[in-house]
Amino acid sequence: MSAASALPRSGDRSDDVVAVRADGPPPVRRVRRNPVTWVRRGGLSTLVFALPVLVVFGVFSWWPIVRSVVMSFQKTNLVAPATWVGWDNFQYVLTDPDLPTAIRNTLYFALLALVIGFPIPLVAAVLMSSVKRLKGLYSVLAYLPVVVPPVVAVLLWKFFYDGSADGVFNTILGWVGLGPYAWLSSPTLAMPSLVVEATWAAAGGTVIIYLAALIGVPGELYDAAEVDGAGIWRKVWHVTMPQLRGVLFITFILQIIGTVQVFLEPYLFTGGGPANATLTILLMIYNYAFGRSLGGDYGAATALSVMLAAFLAILSLIYFKLTSSWSKS
Amino acid sequence: MTYPPSSEDVSGAVPQGAGRLAVGETLTAGGDAPSDLQNPVGAAVLASSVRGKKRKSSQLDGDRGFVSEQDWRRPSVNATMKTLHVILLVLLVVVGVGPMLLLAKFAITPTQDIIRTPLAIFPNGVRWANLTEAWNDVEISKYFLNTIWLALGSWFMQLLVATTGGFVLSVLRPKWAKIVNGLVIATLFVPSVVLLVPLYLTILDPPVLGTSLINNFFAVWLPAGASAFNVVLVARFFDSLPREVFEAAKVDGAGPFRLFWSVVLPMSKPILGVVSVFAFIASWKDFLWPMLVLKDPSKQPLSVRLPAIAAQTDLGVFLAALAISTLIPVLLFLVFQRLFLSGAGLGGAVKG
């Protein structure tokens, strides 16, 4: 940092000196404000380079973020000018009879995703780390579902979940005398079905994170555990797991932040049905703003998304506090 | 290269820099935990890359996992571990590749067979016409081109914003760079849901232009550029380049544009590769945003079009269309697998 900031400044000074000589003895500060010296010192070209970031982030990121907070306090239909309505949008959203259902479903999705999706990549990664030959093949196979476009994955799985006895999953389960199950059209099975697909689609990424972390576990710890007579199982439990604590927590928080924002699966698999069994918070936001029957209620949509964002911000904050206290110790 | 990097560190990372180490070192070079933990995504990458680096150094001392050489020599352990590995491999093949293989099979199976006996292997022969019908009659070719076009534009925007932005924040460093940097990083904290509605309204009525961008590819391209993760990643990489080279270039009379184009960019090929591949794949996967802003079916990419045609398309042809849409991302992954598996683009993966 210091070396870098010294670089342009050394150039600046010679410019200033020239400017001072030319203009006589005015205070240095006034010379610095001179547009000509500003251009000569590279101010203009710096601004040209900054233009893409400033314009793109300004128009498509910073302004929309501010605007979403503003809009959550407004009523707008895009024709008449927006009017301020105070907390009306929040009140409307919070008293929407669908909201408790959506929250419950979203939490249920997040919980199921943890129960199903958290142990599988961990076990797979720990086992994969002990593979000696063809390690690359294991990683490629594990990661392959992640690169399948999510829409394709959902549409393919929708076909797999066909409720008739000839559906792919029902055929397989039929071999062992189970089913047929209704899967997506069953209010109890619909959500678990979505979670299984979502886990299939995401687990590979988590496996790669764990593999990277496992490689970093110092070998000396295992040596020491062996001196104390620990077997493989105890080495995994008492050395590997504690060493993964940090990464496990990171993936835990990231997974919650991700699953709370689940949209694609409920939207494409079930559209929120059957009987609102898979209606999630994001689906509600989408329906407020763009849904066919309702739609156009941008105030309610932004109010709900601002509340969701606040919740996620609290999660991030907890995450930040905990990780920084760990890195201090 | 005109200006060979002089610092030993960087010469290791930059010119031969196959994504992995280069990215890892860049991110760790950025500073200690507190500043890097400012964003969850960056931290995840950081965590994995820090460890990745450790491996490099400890490999020389003989790195090891939880199964020691002695353990391996014990027949019971050896047999158990090998059995577990085989089981894992079988599971990975069935779960990871199985659905893809099924999809490939469906793509060339007559619809009646797919519906009646989905798991039988070609009971009544192969029907290649599924693929040609999908490509021509269902006009997958058109949506395929749209997808590629959208991905290329998004890639270009992301690269443009990330490299010029990284150049300002890391190399030129004007006084206000810190503010811009802070504002860019702050957007990492904001979940994309919050942007959905206001961004849509911005596209409906963009500033200055005076005309709606709905049904215009720019509606997808421009917002794609606002990726804070890319800017941070590229800026961190630029931070790791040796300052002496820039100084030498300046002494030789290179202005900022020359410095950017002939010095900084050529030295940054590894990170540009990482950003490029992930930008392309992310755009290929994108669904909700293109669906909102590209309402004209003839402008839509595959991801938006596929769910829409599902109901009125013959099942065999539809599954062939799905298979075609999967081909490019899977091929990209197989070609650039080291990039994906090194954890360099984890943030992108998480965000997408």
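This one's a predicted model, so the numbers in the text were calculated from it and none came from an experiment.

## Examining the overall build of chain B
- A tally of helices and strands in chain B yields 21 helices and 0 strands.
- Expressed as a percentage of its 352 residues, the buried residues of chain B come to 56%.
- For chain B, long-range pairs separated by at least 24 residues make up 70% of all intrachain contacts whose partners lie at least 6 apart in sequence.
- Here chain B has roughly 15,300 Å² of accessible surface; of this, 63% comes from carbon and sulfur atoms.

## Some thoughts on the environment of Glu139 of chain B
Residue and element names in this part refer to chain B.
- Assignment of secondary structure puts Glu139 in the loop between α8 (129-136) and α9 (140-172).
- Overall, Glu139 belongs to the partly exposed group, its relative accessible area being 35%.
- Residues Glu139 and Ser298, spaced 159 residues apart in sequence, show a C-alpha to C-alpha distance of 9.4 Å.

## Some remarks on the interface of chain B and chain A
- Taken together, the contact between chain B and chain A spans 115 residues of the former and 104 residues of the latter.
- Between chain B and chain A lies a buried interface of about 9,500 Å² when both sides are counted; carbon and sulfur atoms form 81% of it.
- Two residues, Lys132 of chain A and Glu69 of chain B, come together in a salt bridge whose shortest N-O distance is 3.8 Å.
- Our enumeration of links across chain B and chain A arrives at 9 residue pairs in polar contact (both at pLDDT 80 or more).

## Things to note about the packing of aromatic side chains
- What the rule picks out here adds up to 41 aromatic pairs over all chains.
- Measuring from ring centre to ring centre gives 6.1 Å for Phe169 of chain A and Trp183 of chain A, while their planes differ by 70 degrees; the resulting arrangement is edge-to-face. In this pair, Phe169 of chain A sits in helix α10 (residues 168-175) while Trp183 of chain A sits in the loop between α10 and α11 (190-215), placing the two residues 14 residues apart along the sequence.
- In this structure Trp183 of chain A comes out as buried when scored by relative accessible area, which is 13%.
- An aromatic cluster is defined as three or more aromatic residues linked by ring pairs; in this entry it consists of Trp157, Phe159, Phe160, Tyr161, Phe169, Tyr181, Trp183, Trp200 and Phe269 of chain A together with Phe106 of chain B.
- If you follow Lys105 of chain B out to its NZ or CZ, it ends over the ring of Phe122 of chain B, 5.9 Å from the centre.

## Thoughts on the packing of helix α18 (residues 302-309) of chain B against helix α19 (residues 315-335) of chain B
Residues and elements named next belong to chain B.
- It is at 11 Å that the axes of α18 and α19 come closest, and there the two elements cross at 170 degrees. What the angle tells us is that α18 and α19 run roughly antiparallel. α18 and α19 meet at a crossing whose hand is left-handed. Along its contact with α18, which presents Leu302, Leu306 and Ile309, the element α19 presents Phe318, Ala321, Leu322 and Ser325.
- The class makeup of the residues in the contact of α18 with α19 is 6 nonpolar, 1 polar and no charged.

## Some remarks on a nonpolar patch on the surface
- Together, Trp38, Val39, Leu44, Leu47 and Val48 of chain A together with Trp176, Ile179, Leu183 and Phe257 of chain B give the surface a local cluster of nonpolar side chains, amounting to about 790 Å² of exposed area.
- Those elements giving two or more residues to the nonpolar patch turn out to be α3 (35-40) and α4 (43-71) of chain A together with α10 (177-189) of chain B.
- It is α4 of chain A that provides the largest number of residues to the nonpolar patch, a total of 3 residues.
- Structurally, the position occupied by Leu47 of chain A is in helix α4.

## A short note on the pattern of salt bridges
- Applying the stated criterion to the full structure yields 7 salt bridges over all chains.
- The network of salt bridges with shared partners includes Glu226 and Lys235 of chain A together with Asp71 of chain B.

## Brief notes about the side chain of Glu197 of chain A
- Along the chain, Glu197 of chain A turns up in helix α11.
- For the buried Glu197 of chain A, no salt bridge exists, and the shortest N-O distance to an oppositely charged side chain is 11 Å, to Lys285 of chain B.
- Here Glu197 of chain A is in contact with Ala153, Val154, Trp157, Tyr161, Glu265 and Phe269 of chain A, once residues within four sequence places are set aside.

## Topic: α10 of chain B
- Compared with an ideal rise of 1.5 Å per residue, which puts 13 residues at 18 Å, α10 of chain B spans 19 Å between its outermost C-alpha atoms and is within 8% of the ideal.
- Those residues of α10 of chain B that fall on the buried side of the exposure criterion are Ala177, Val180, Val184, Ile185, Thr187 and Leu188 of chain B. Mapping the buried residues of α10 of chain B onto a view down its axis gives an arc of 145 degrees, with all of them on the same face. Facing away from the buried side of α10 of chain B by over 90 degrees, the exposed positions are Lys178 and Ile179 of chain B.
- On its buried side, α10 of chain B packs onto α4 of chain A together with α9 and α13 (228-240) of chain B.

## Examining the nonpolar core
Residues and elements named next belong to chain B.
- Counting 204 residues, the largest nonpolar core has Ile140, Val293 and Leu306 as the members making the most contacts within it.
- Looking at this core element by element, the count peaks at 14 residues for α9.
- Every residue in contact with Val293, bar those within four places of it in the chain, is listed here: Tyr200, Ile203, Ile214, Asn215, Ala219 and Val220.

## With respect to helix α6 (residues 98-117) of chain A
- Between the first and last C-alpha of α6 of chain A there are 27 Å, a value that for 20 residues agrees with the 28 Å anticipated at 1.5 Å per step.
- All buried positions along α6 of chain A are accounted for by Leu99, Thr101, Ala102, Asn105, Thr106, Phe109, Ala110, Leu112, Ala113, Leu114 and Gly117 of chain A.

## Some details on the confidence of the model for chain B
All names here are of chain B.
- Averaged over chain B, the pLDDT score is 79; the fraction of residues at 70 or greater is 79%.
- Every residue in residues 1-62 scores below 50 in pLDDT, and together they form 107 contacts with partners more than four places removed in sequence or on other chains.
- Contacts for the low-pLDDT stretch residues 345-352, under 50 throughout, to residues beyond four places or in other chains number 11 contacts.

Each value, and the rule that gives it
Residues numbered from 1 in each chain as written. Chains lettered and ligands numbered in written order. Predicted model: local features only at pLDDT ≥ 70, side-chain atom pairs only at ≥ 80, totals over all residues. Heavy atoms only, no water. Helix = DSSP H or I, 4+ residues; strand = E, 2+ residues; numbered from the N terminus. Buried < 20%, exposed > 50% of the residue type's maximum accessible area, 1.4 Å probe, protein only. Contact = heavy atoms within 4.5 Å. Areas by Shrake-Rupley, 256 points an atom, 1.4 Å probe, with all protein chains shown as cover. Buried area = accessible area lost by both parts, 1.4 Å probe. Salt bridge = Lys/Arg side-chain N within 4 Å of Asp/Glu carboxyl O. Polar contact = N/O pair within 3.5 Å; in protein donor to acceptor, adjacent residues only side chain to side chain. Phe/Tyr/Trp six-rings, centres within 6.5 Å; stacked < 30°, edge-to-face > 60°. Lys NZ or Arg CZ within 6 Å of the ring centre and 35° of its normal. Axes fitted to C-alpha atoms, helices over the stretch in contact; angles between N-to-C directions. Parallel < 35°, antiparallel > 145°, perpendicular 65-115°, else oblique. Left-handed = near helix turned anticlockwise from the far one by under 90°. Nonpolar A, V, L, I, M, F, W, Y, C, P; charged D, E, K, R; others polar. Patch = residues over 30% accessible without salt bridge, like charges linked within 9 Å, V, L, I, M, F, W, Y side chains within 5 Å. Lys, Arg positive; Asp, Glu negative; His and termini not counted. Expected span 1.5 Å × (residues − 1). Arc of directions from axis to C-beta. Core = buried A, V, L, I, M, F, W, Y, C linked by side-chain atoms within 4.5 Å. pLDDT = per-residue confidence, 0-100.

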